[in-house]
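Structural features, examined
Given next are the chains, with one letter for each unit.
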Amino acid sequence: MGVYQEKPALAPPVSTSGPIAWIRINLMSTPLNTVLTLIAAYVLYQLIPPILNWAIFDANFAGDDASACQASSGACWVFVKTRLGFFTYGFYDEAERWRVDLSFFLLGLVIVPQFINGFPYKGWIGVAALTIMPIVVGILLLGGVFGLPHVETHTWGGLMLTLVLSFVGIVAALPFGVILALGRRSEMPMIRMICVTFIEIWRGVPLISVLFMASVMLPLFLPEGWNFEKLLRALIGITMFQSAYMAEVIRGGLQAIPKGQFEAAASLGLGYWRSMSLIVLPQALKLVIPGIVNTFIALFKDTTLVLIIGLLDILATVQATIVDPAWRGVSTEGYIFAAFCFWVFCFGMSRYSQALERKLHTGHKR
Amino acid sequence: MSQNNTDIATKPKQQSSVLNDPRVRGVIFQALVAILLIWFGWTIFQNTLQNMESRGITTGFDFLSNPAGFGIGMTLIEYDETHTYGRTFLVGLLNTILVAGIGVIFATILGFIMGVARLSKNFLISKIATFYVETLRNIPLLLQIFFWYFAILQPLPPPRKSLEAAGTFFLNNRGVYVPDPIAGDGFGFVTIAFLIGIIATIFISRWASKRQEATGQQFPLFRAALGLIIGLPLVVFFIMGAPLTWSIPALKGFNFKGGIQILPEFIALLFALSTYTAAFIAEIVRSGILAVSHGQTEAAESLGIKRSVTLRLVVIPQAMRVIIPPLTSQYLNLVKNSSLATAIGYPDIVAVFMGTTLNQTGQAVEIVAMTMAVYLVISLVLSVIMNWYNKAMSLKER
């Protein structure tokens, strides 16, 4: 009786697994796909090596003035390096820049825990980020109290101003958005009409016209003798504009709450405000966090428009430095740097909102 | 028990104060809000009047008939310095509509291509589409406009050293020069033939679908439409003796004469607007196609329907239902974003009206209100059209 000897399994045929099969399936499944692959590969071959050469291999990194960029034909990253302070802080007083750094640090301190699963008191940190943080950072950046010297807002600029505009815009728009969304779903016809008109007007016009309005019309609306700084005027415009968008996002959340929840609250004897604040809004706001992050991304990109009314955000700082006659032909480098800053923030946030969406995709789904 | 019942029955219906009745409260609350709003509006109105008086700004729309006194680089209708501010408004409006209209078409085409490409089974193609979408939609539009305008188009060579293609197309730092078609005598007939072709196609398509419903026979509609819309005008064109000449741009001195000059501002704005919006449209198209359940494709396959026909008659009509509503809001965004023209000096309505005209006349309230009204009307019209289209495409339940 022979003992059964197990033979080693044969390797799968080359045509169904391994790199050749991968190429066959993913790149050359049909004649059309083969042609497309070849065209795409040729285009990439034509584009990528020159771009890499320009951006990395032939680029100038060392040195600290324009002459350092004469060395080779590649990108002049020295320009970005020497102007990094201006791109980050604008004209903010150099001796006081630690205050901006501290604000960045505080911002990181409240944001990083939001990305970590199971971080203790995550919710409370989030609430603090929306309530206490703006006040602390506001005092820190403006100064004038606690022995901190006052820093004029017209010296603010760069990345810092972009962050200030977008954060203040979103934090201030949140309560207005909640009120408008509730008003739009109110049973009182006049309240509903007012809210719908407000929301639709702001959503129907471009942000530029809102900023123009804030900068040229707002001073006319105020009683004589009142005057707002330019930054504050822009913030008012952005907040109005953003609260309309926020209201629509929150309305989506309110509509997703089943009617049973409203009825349950009413049957417990809760009045309108208590049933909204204790039962409906906590659920609705949780549902729309991804939507809020998405509006935040949109606002973050839209803050670049303030350069049209003369505020110095990060794009405006780049725009102001590339016309410097000492540095010639560095516009591409400047724009790529600014684009990279925006891309990192926006891409990170959109990934975050996608992850949240998957995580929160529970409950009310039927 | 019975005692209680009679107790309740004998009690007056309205026990608590009238103020606790939600309806009464609603009326009082609304009245308060109305009073507050009217007071707020009145205060602003009074302040504005006072401020304008103290700054010596005139009010009213009389300025619209005053001569503007400034030129505009690109006009679709006749315009020069002697025309009125009202005319300026119209020029800006037309320029806005031009760039937004062409932008919507380009963005739709590119967006659909990219959305389908991202779903392609071809690894390279889908990765390129993903890279495109993720890069462009995460960078502010204004930055992209600046990039195309200041980093790409402005450093181009001057007119004398233009880049040229076939001696008829020229590209330099003053824009693109293309041949200008000049219609000769009898070209009107070609236009009429073209219009007749379109109208005939509409009637034939109605007749064909009626016949197909009645008899099941199909009509080669596509070929018929091609023949009517393109073939018929071509035949008329040659019968009339080809009444069309081209004005080809040529270098005269320091600049080009003849042809059509397309401003670099226009190119940069159009390019940035369409590529940016296309990234968003691509995502909408992708999610729309993914939303059509796989069972639909399988059902079509099991009925023996060809793949191309499945795509045209089963997948796309269902995907369109998901795609149209967000597509509408992207179109609206594109129109609103075209206002960024002012940043690079393309003479759109914001640049010439809310910019130059406002600076010259100082009538901020009227001008800002008019400009905002223009965008509101465009938004309204566009959403009415898209809602109508959505209704036509929506699920017809019987």
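Everything quoted here is computed from the prediction, not taken from an experiment.

**Quick notes on the overall build of chain B**
Along its length, chain B carries twelve helices and eight strands. Expected size for 398 residues packed as a compact globule is a radius of gyration near 21 Å; at 30 Å, chain B overshoots this value by more than 25%. For chain B, the C-alpha atoms occupy an extent of roughly 105 × 75 × 45 Å along the three principal directions. When burial is assessed residue by residue, chain B has 27% of its 398 residues classed as buried.

**Quick look at the overall build of chain A**
On a plain count of helices and strands, chain A comes out with 15 helices and zero strands. Each principal axis of the C-alpha atoms in chain A carries an extent, and together these give about 95 × 70 × 40 Å. Relative to its 366 residues, chain A shows a buried fraction of 31%. Partitioning the intrachain contacts of chain A with sequence separation of at least 6 by distance along the chain shows that 65% fall at a separation of at least 24.

**Notes on the nonpolar core**
One recurring pattern in soluble globular proteins: nonpolar side chains tend to sit buried together. A:L211, B:L143, B:I145 and B:L269 are the most contacted members of the largest nonpolar core, which has 142 residues in total. The element contributing the most residues to this core is helix α8 (residues 264-291) of chain B, with 15 residues. With residues near it in sequence (within four places) discarded, B:L143 still touches A:T304, A:L315, A:Y335, A:A338, A:A339 and A:F342.

**Thoughts on the domain arrangement of chain B**
Its domain assignment divides chain B into domain 1 (23-56), domain 2 (85-179 + 259-393) and domain 3 (181-247). Centre-to-centre, using C-alpha coordinates, domain 1 of chain B lies 59 Å away from domain 3 of chain B.

**Examining the pairing of strand β2 (residues 169-172) of chain B**
All names here are of chain B. Residues of β2 alternate between two faces, with F170 and N172 buried on one and F169 and L171 left unburied on the opposite face. Sheet topology places strand β1 (residues 163-165) next to β2; three bridges connect them, and they run antiparallel. Counted as the bridge partner of A165 is F169 from β2. Of the strand pairs in this sheet, β2 and strand β3 (residues 175-178) are connected by three bridges, and their pairing is antiparallel. Residue pairing in the sheet places N172 in a bridge with G175 of β3. As consecutive antiparallel partners, β2 and β3 are separated by two residues.

**So, the sheet that holds β2(B)**
All names here are of chain B. On the basis of which strands lie adjacent, the open sheet formed by four strands has the order β1-β2-β3-β8 and antiparallel pairing. Looking at which strands have only one partner, the edges of the open sheet turn out to be β1 and β8 (260-262). Here the average twist between neighbouring strands, direction ignored, is 15 degrees.

**Thoughts on the packing of helix α10 (residues 230-256) of chain A against helix α13 (residues 289-302) of chain A**
Residues and elements named next belong to chain A. Running from N to C, α10 and α13 cross one another at 160 degrees; their axes reach a closest spacing of 10 Å. Judged by the inter-axis angle, α10 sits roughly antiparallel to α13. Along this stretch, α10 crosses α13, giving a crossing that reads as right-handed. For the pair α10 and α13, the contacting residues are Q242, Y245, M246, V249 and G252 in the first and G291, I292, T295 and L299 in the second. Classifying every residue of the contact of α10 with α13 by side-chain character gives five nonpolar, four polar and no charged.

**Some remarks on the interface of chain B and chain A**
Taken together, the contact pairs 47 residues of chain B with 43 residues of chain A. Mapped onto the side of chain B that touches chain A, the elements with two or more residues apiece are α2 (22-55), α4 (123-136), α5 (141-153), α10 (307-337), α11 (349-361) and α12 (364-393) of chain B. Among the elements that take part in the side of chain B that touches chain A, α2(B) stands out by supplying 13 residues, more than any other. The class makeup of the residues in the side of chain B that touches chain A is 29 nonpolar, 15 polar and three charged.

**A look at the pairing of β3(B)**
Taken together, the three bridges between β3(B) and β8(B) define a ladder with antiparallel strand orientation. Opposite B:Y177, over in β8(B), you have B:Q261 as the bridge partner.

**A closer look at the environment of A:R184**
Residues and elements named next belong to chain A. Note that R184 resides in helix α7 (residues 158-184). Each C-alpha atom, one on R184 and one on T197, is 9.5 Å from the other, the two residues being 13 residues apart in sequence. Among residues more than four places away in sequence, those in contact with R184 are R192, C195, V196, I199, A247 and R251.

**As for the packing of α5(B) against α8(B)**
Residues and elements named next belong to chain B. Taken N-terminus to C-terminus, the directions of α5 and α8 make an angle of 140 degrees; their axes are 9 Å apart at the nearest point. In terms of orientation, α5 and α8 fall into the oblique class. In the crossing of α5 with α8, the sense of the turn from one axis to the other is right-handed. Contacts between α5 and α8 involve L141, Q144, I145, W148, Y149 and L153 on the former and, on the latter, P264, E265, I267, A268, L269, F271, A272 and Y276. Partitioned by chemical class, the residues of the contact of α5 with α8 number twelve nonpolar, one polar and one charged.

**Side note on the environment of A:V178**
Residue and element names in this part refer to chain A. Checked against the element boundaries, V178 lands in helix α7. You can call V178 buried: it has 22 C-beta atoms within 10 Å. As a C-alpha pair, V178 and M190 span twelve residues in sequence and 18 Å in three-dimensional space. Sequence-distant contacts of V178, defined by excluding residues within four places in its chain, comprise I250 and L281.

**Focus on the confidence of the model for chain B**
A low pLDDT score tells you not to read the predicted coordinates there in detail. The predicted model of chain B has a mean per-residue pLDDT of 83, with 94% of residues at 70 or higher. Under the prediction, the complex receives an ipTM of 0.85, its pTM being 0.84.

What counts and how
Residues numbered from 1 in each chain as written. Chains lettered and ligands numbered in written order. Predicted model: local features only at pLDDT ≥ 70, side-chain atom pairs only at ≥ 80, totals over all residues. Helix = DSSP H or I, 4+ residues; strand = E, 2+ residues; numbered from the N terminus. Rg over C-alpha atoms; globule rule 2.2 N^0.38 Å. Buried ≥ 20, exposed ≤ 12 C-beta atoms within 10 Å, placed from the backbone. Contact = placed C-beta atoms within 7 Å. Core = buried A, V, L, I, M, F, W, Y, C linked by C-beta atoms within 7 Å. Domains from an automatic or database assignment. Pairing = 2+ DSSP bridges. Axes fitted to C-alpha atoms, helices over the stretch in contact; angles between N-to-C directions. Parallel < 35°, antiparallel > 145°, perpendicular 65-115°, else oblique. Left-handed = near helix turned anticlockwise from the far one by under 90°. Nonpolar A, V, L, I, M, F, W, Y, C, P; charged D, E, K, R; others polar. pLDDT = per-residue confidence, 0-100.

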